[in-house]
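Examining the three-dimensional arrangement
Listed below, chain by chain, are the residues.
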Amino acid sequence: MTERAPRRSRLRRSALPTGAVATLAAALFTAAVTPAALAAPAPAAVADVATAGATTAGITAAPDIPVANVKAHLSQLQSIATANGGNRAHGRAGYKASIDYVKGKLDAAGFTTTLQTFSYNGSTGYNLIADWPGGDTSHVVMAGAHLDSVTGGPGINDNGSGSAGILETALAVSRAGLKPAKHLRFGWWGAEEYGMIGSKNYVNSLAATERSKIDTYLNFDMIGSPNPGYFTYRYDSALDALFRDYFAGLGISTEQDFEGDGRSDHAPFQDAGIRVGGLFSGADYTKTSAQAAKWGGTAGQPFDRCYHSSCDTAANINDTALDRMSDAIAYAVWTLSAGDTTPPGGTVFESTADVQIPDNGPAVTSDLAVTGRTGNAPATLQVGVDIKHTWRGDLVIDLVAPNGTTFRLKNSSGNDSADNVQTTYTVNASAVPANGTWKLKVQDVAAQDTGYVDSWKLTF
């Protein structure tokens, strides 16, 4: 995972970022929250194709991914690093050897592989793309992970773990002879540690028509942290519900990922308007007492004390977390690739008027008039938000319905140090009328950072 900017240094930027609005696709499943609660979706009903012996549209049950196989890949990556100066970093021999290892496994398993090259920092970089034959190529489900390490260590958790997890899932696809309804694609990215260079290169290389064919991108960056947490990306309510429901079946309660927000390879896909999801087991944030009580491990210690260090070796892995996360990857791949190829749509109302947000000042609102609807709003009202801000942890965001009912979308957080709020929330607005003036209410509750509401929309 890419190194983040210093937390709470309050360094000013000279200008706000100008990334594209992340226009997320409509959800496949449903999820909702109650007023005045965080709009993280409640568990949704998910077709259980992982039940032993079950089949859906010719899709066999999602397999258990043998953790021993995943660890065998990690052992190979460790050996590659050891033989090449102790790392697998962009521009170094260890990275090219890592790509060659993964490509060899996939070629032997019947995948169509493409080695994409790019240049960064005076060195040639490599992405590896693997397509499984068959499935509707106009509807692609893609899983990816970065394969490079930092120069200071072998990068076995960051991110050999995610790379090995999706590799073994891909090999399981081959072993099962899977015939998915949607087309399956896997990607291993180079130069992530320099700022998602490889994945940006891939997304930017795609024609608009090819980007539009990717229904879902799932990212897996660090899934075997030694003091693990269980975090899900919550940019898309349906994908979040898919993973949360899976872990709920194991008796594990997940939390929203903030630490990796905008710092891994999902970001270029999200900026291109592709719906993204993923899993994360934690980096150098500290595990709280509540998290230790819920997940085990040691409170007051980082999730990964060897993050970006020489000790991120094959010994720096929690086998239980790696096993659970790898199984969850397979579950998601099997489930999503079996899904309906026509995602549900909805009526969209959008405001594109810029509204400045005062630094450490009063709340401001952006109005949006909704007309022509019948009855109340849906229980799965989608609230798409694009706010440009230099420190989004300062922001409190509410949706205010025409009758004054307020839905809390986002609380402020001292740990949420990334730029911008570009995501979609789901709220249960079934008790309020649809027609009327809706308001996005935003307040900056701390000093030294600036921003504005770029746009926001409601999808009914």
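Residues numbered from 1 in each chain as written. Predicted model: local features only at pLDDT ≥ 70, side-chain atom pairs only at ≥ 80, totals over all residues. Heavy atoms only, no water.

The next point concerns the nonpolar core. Core analysis: the largest hydrophobic core is formed by 79 residues, its most contacted members being Leu106, Phe186, Trp188 and Phe269. A per-element tally of this core places helix H9 (residues 319-337) first, with 11 residues. Every residue in contact with Phe269, bar those within four places of it in the chain, is listed here: Met142, Trp189, Ser199, Tyr202, Val203, Ile214, Tyr217, Ile274 and Val276. Core analysis: the next-biggest nonpolar cluster, separate from the first, contains 30 residues, Val383, Ala429, Val453 and Trp456 among them. (Core = buried A, V, L, I, M, F, W, Y, C linked by side-chain atoms within 4.5 Å. Buried < 20%, exposed > 50% of the residue type's maximum accessible area, 1.4 Å probe, protein only. Helix = DSSP H or I, 4+ residues; strand = E, 2+ residues; numbered from the N terminus. Contact = heavy atoms within 4.5 Å.)

Before going further, it helps to examine the packing of aromatic side chains. Throughout the structure, instances matching the rule amount to 20 aromatic pairs. Ring centres of Tyr230 and Trp295 lie 6.1 Å apart, and the angle between their planes is 65°; this geometry places the pair in the edge-to-face category. On the criterion of sequence distance, the pair formed by Tyr230 in the loop between strand E5 (214-220) and strand E6 (231-232) and Trp295 in helix H8 (residues 289-295) is long-range, its members being 65 residues apart. Under the relative-accessibility criterion, Trp295 is labelled buried at 11%. Ring centres 5.2 Å apart and planes at 75° place the aromatic pair Phe231 and Trp295 in the edge-to-face group. (Phe/Tyr/Trp six-rings, centres within 6.5 Å; stacked < 30°, edge-to-face > 60°.)

Another aspect to go through is the sheet that holds strand E3 (residues 136-146). Taken in spatial order, the 8 strands make up an open sheet running E1-E2-E4-E3-E5-E8-E6-E7, and their pairing is mixed. Of all the strands in the sheet, the pair left with one neighbour each is strand E1 (112-120) and strand E7 (255-256). As judged from the 2 bridges shared by E6 and E7, these two strands associate in the parallel manner. Looking at E7, one finds that Phe231 is bridged to Glu255. In the packing of helix H4 (residues 197-205) onto the sheet, the strands contacted are E1, strand E2 (123-132), E3, strand E4 (182-189) and E5, and the crossing angle to E1 comes to about 110°. (Pairing = 2+ DSSP bridges. Axes fitted to C-alpha atoms, helices over the stretch in contact; angles between N-to-C directions.)

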